[in-house]
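Observations on the three-dimensional arrangement
Here are the chains, one letter per residue:
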Amino acid sequence: MTTEVEYVIEVENLTKRYGSLMAVDDISFKVRQGEVFAFLGPNGAGKTTTVEIVETIRRPTSGKVRLLGMDVTKKKRDIVPRIGVLPQGFSSFDRITVRETMQYYSRLFGCRNADIDGLIELVNLKDKAKERYMKLSGGLRQRLGIAIALVNDPEVVFLDEPTTGLDPRARRQVWEVLLGLKKKGKTVFLTTHYMEEAELLADTVAIISKGKIIAMDSLVQLIESNADYLLLTVTLQSVDEKAFEVVGKMGFKPVLNNHRNINVRVERAEDIRKILNAMKEAGVPLLSMDVRKPNLEQIFLKLTGEALHEDTSGGRGAE
Amino acid sequence: MNLRVVGASLVVSLKSFYREKTTMFFTTTFPILLILVFGTIFMEQDKVRFDLCVQDLDQTETSAEIAKALALSGRFKLTRVDPAIDATQYARDNNVNLVLIIPKDYEKSYMQYVQFDDPGAFVNITYVYDPSSSSVITKMQLLNLAFAKMNQGLSAKSPFVRTSEISIHTKKYRFIDFFIPGIIAMAVMTASLFGSVNVNTELRQKGIIRKLSTTPITRTDWVLSNILYQFLLAVISTTAMLSVSYAVFDVRLQINAWLPLFIILDVFTFVGIGMILTRIVKEAQSAAAAANAIIFPMMFLSGSFFPLEMMPHFLQTFARALPLYYINEGLRASMVFRDNAAALSYSAIIGIVAALVFIVGITATRWEEGI
């Protein structure tokens, strides 16, 4: 029996405190049915605490959380069969094979008609079905975790940092699986600190920092409403310190990148023309130029003043 | 409780166990090795010649005969103690664990028994012994056996030589018979406690418990599947231990319905304690240390290896507060002494303990990550 609700997740004034530490500080948000909702923030921002409260694993200190129209603190037994969860740092029984693990979880959910082969195929693990969990690589393990999260054909899928710790190739493989879920129209609650992941998959992005949501909108809207500057990248024919000095004297703050690229943040389009003219007059040999609106990560940096993650393997890195 | 869920979890545990060859090896062979090592040590005691101090207060030819007979049995090397010396003081001063005292009126009583055919005549042989000595019980058993033979040889009438210091329980069985039930109780305790603590701490550390908490399996289902799993392992290891005991040491034990009952109570109690420990201890390494801290006092103070009578009085009192004591005594009551009434009372006590620990164990199992 499915209750028809426009919002499958409704969080109001949620707070979670551990002693003196305020992990989640009075946040509110809603997730629509069928959308991919990304919770974006650096490590320790409160993403996992929030998602685990919504998934019924943790209890809130205060606030209201409704999932599929039910209070998560009171209706765990009714909620759990209708959701799928890939917890952070997912792990499974070492000596149990991929297929056996899937069978085990399908039995826990009482799914007699679970399409185990179909799910194994969906996550591209067909040739690993008889492999024990302990022999799988990180990417394969995460894909198994996603397949398990889908074993009960859930109405809402929670994926907590599904690609953390994976190499770029394994990460792309997981993204392909997640894009498949998006096409199927599943409601997905994704937590990530990889901007690319949110950009690729999310319909709505909520940016969380130090336990508070500091911005939340559709991806396009979020960038549009915060993009009050442009990024000019000028590529020189050869290394030339003069170009750097010229731009600096005009009152801008150029950033030298790869010795031949100069990045300049400008407020108005006419500033671009001024900079290019000044360089021409100074005889700086230009190779090419590029003007972009800031991306999500730059927006994040602007809003929070902190980088999304320390390693830049998954994103483009803060500039 | 959902039997489908319990069954599915049990199958996963058994497959993991079967595929972890080293765990499987140690679960079944460790108790067998214990039995073989200790059994051989105790069996060897049967061939050992013991030092025996004898104080003959009668100093007659007849009383000398009894000492001679003990020496001729080949089991004792006799040392005579001056009748004028206080036997207790002598034992203390010379670090002797047993002094056998032949009473003053030995010959007189003997004559009355043999010549005047008086069935009421008897002598009381006194053992002055050190209960903390590990070999004294065996020595006393051998003496009792010798006196029993002596009584048989005299006539079919009431026994002439009597000893009053020895508990009647320790009279009629070999140490190995006493030892096997203790080892079974201990092996099941160790496997249940370690199994429960190690598996659950590991699963919690790896986040598997957190994943399970987002599925319909309940805490009770999980704990029950753990108990069933440990019970099956206990059945396997007990069968292996008993087979080896029968084959190698020719033990004479009574196998009846009490055995599985005490094993399941053993499992319930220690899986429950394991669940409580898992709640208290965060890391797998400290969990193993905490399990050891519980196992070792139980192992040595609950009478698994040695009879309680050998311990100082305050330790005996302490032992009676340990759950393993009641499992040991219950198994011995049923397997060795065939005393159903005693087995019933021990099972009632440990049954209450098991139920309480199990309930606390379920309550203590963390299914949600904090409050």
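So, a few notes on the structure that sits alongside this text.

Each value, and the rule that gives it
Residues numbered from 1 in each chain as written. Chains lettered and ligands numbered in written order. Predicted model: local features only at pLDDT ≥ 70, side-chain atom pairs only at ≥ 80, totals over all residues. Heavy atoms only, no water. Helix = DSSP H or I, 4+ residues; strand = E, 2+ residues; numbered from the N terminus. Buried < 20%, exposed > 50% of the residue type's maximum accessible area, 1.4 Å probe, protein only. Contact = heavy atoms within 4.5 Å. Areas by Shrake-Rupley, 256 points an atom, 1.4 Å probe, with all protein chains shown as cover. Pairing = 2+ DSSP bridges. Axes fitted to C-alpha atoms, helices over the stretch in contact; angles between N-to-C directions. Salt bridge = Lys/Arg side-chain N within 4 Å of Asp/Glu carboxyl O. Buried area = accessible area lost by both parts, 1.4 Å probe. Polar contact = N/O pair within 3.5 Å; in protein donor to acceptor, adjacent residues only side chain to side chain. Nonpolar A, V, L, I, M, F, W, Y, C, P; charged D, E, K, R; others polar. Core = buried A, V, L, I, M, F, W, Y, C linked by side-chain atoms within 4.5 Å.

1. Some details on the overall build of chain B
Looking only at helices and strands, chain B features 14 helices and five strands. Scored against the burial criterion, the 371 residues of chain B give a buried share of 52%. Intrachain contacts of chain B at a sequence separation of at least 6 include 81% that bridge at least 24 residues. Approximately 16,700 Å² of chain B is accessible, and the part contributed by carbon and sulfur atoms is 63%.

2. With respect to the sheet that holds strand β10 (residues 212–218) of chain A
Residue and element names in this part refer to chain A. Taken together, six strands build an open sheet; the order of strands is β6-β7-β8-β3-β9-β10 and the sheet is mixed. Each end of this open sheet is capped by a strand with a single partner; those strands are β6 (83–86) and β10. Mean inter-strand twist for the sheet, computed between neighbouring axes without regard to direction, equals 15°. For strand β3 (residues 36–40) and strand β8 (residues 187–192), the ladder comprises five bridges, and the chain directions are parallel. Residue Phe37 lies in a different strand from β8, and its bridge partner there is Phe189.

3. Things to note about the pattern of salt bridges
A full pass over the atoms with the stated rule returns 18 salt bridges over all chains. As a salt-bridge pair, Glu35(A) and Arg32(A) come within 4.0 Å of each other at their nearest N and O atoms. Residue Glu35(A) is classed as buried on the basis of its relative accessible area of 7%. Residue Arg32(A) is classed as partly exposed on the basis of its relative accessible area, which comes to 41%. In this structure, the salt-bridge partner of Arg58(A) is Glu52(A), at a minimum N-O distance of 2.6 Å. In this structure, a network of salt bridges that share partners links the residues Glu52(A), Arg58(A) and Arg210(B).

4. A closer look at the environment of Phe30(B)
Along the polypeptide, Phe30(B) turns up in helix α2 (residues 21–45). In this structure the C-alpha to C-alpha distance between Phe30(B) and Ala187(B), which are 157 residues apart in sequence, comes to 8.5 Å.

5. Examining the interface of chain A and chain B
On the chain B side, the residues contacting the 32 residues of chain A number 27 residues. Roughly 2,900 Å² of surface becomes buried between chain A and chain B when both sides are summed, with 57% attributable to carbon and sulfur atoms. For the chain A face of the interface with chain B, the top three residues by lost area are Ile57(A), Arg95(A) and Leu108(A), together amounting to 21%. At the surface where chain A touches chain B, the tally comes to four salt bridges. With a shortest N-O distance of 3.0 Å, Asp94(A) and Lys206(B) are connected by a salt bridge. Where chain A packs against chain B, one counts eleven residue pairs in polar contact (both at pLDDT 80 or more). It is helix α3 (residues 98–108) of chain A that provides the largest number of residues to the side of chain A that touches chain B, a total of five residues. In terms of residue class, the side of chain A that touches chain B is built from 13 nonpolar, seven polar and twelve charged.

6. So, the pairing of strand β2 (residues 21–32) of chain A
Two faces belong to every sheet, and in a regular strand the side chains alternate between them. All names here are of chain A. Summarising the sheet, strand β1 (residues 7–18) and β2 pair through eight bridges and their orientation is antiparallel. Among the inter-strand pairings, Leu14 is bridged to a residue of β2, identified as Ile27. Between β1 and β2, which pair antiparallel one after the other, the connecting turn spans two residues, and Gly19 there sits at a positive phi close to 60°.

7. Comments concerning the nonpolar core
For soluble globular proteins, nonpolar side chains are generally found buried alongside one another. Ile180(B) and Ile184(B) are the most contacted members of the largest nonpolar core, which totals 66 residues. Of all the elements in the fold, those that place two or more residues in this core are α2, α7 (175–206), α9 (219–249), α10 (258–280), α11 (284–301), α13 (323–335) and α14 (340–364) of chain B. Ranked by residue count, the leading element in this core is α7(B), at 13 residues. When sequence neighbours within four positions are dropped, the list of residues in contact with Ile184(B) reads Thr238(B), Met241(B), Leu242(B), Ile263(B), Asp266(B), Leu331(B) and Met335(B). Ranked by size, the runner-up nonpolar core spans 61 residues in total, among them Tyr105(A), Ile148(A), Val205(A) and Val12(B).

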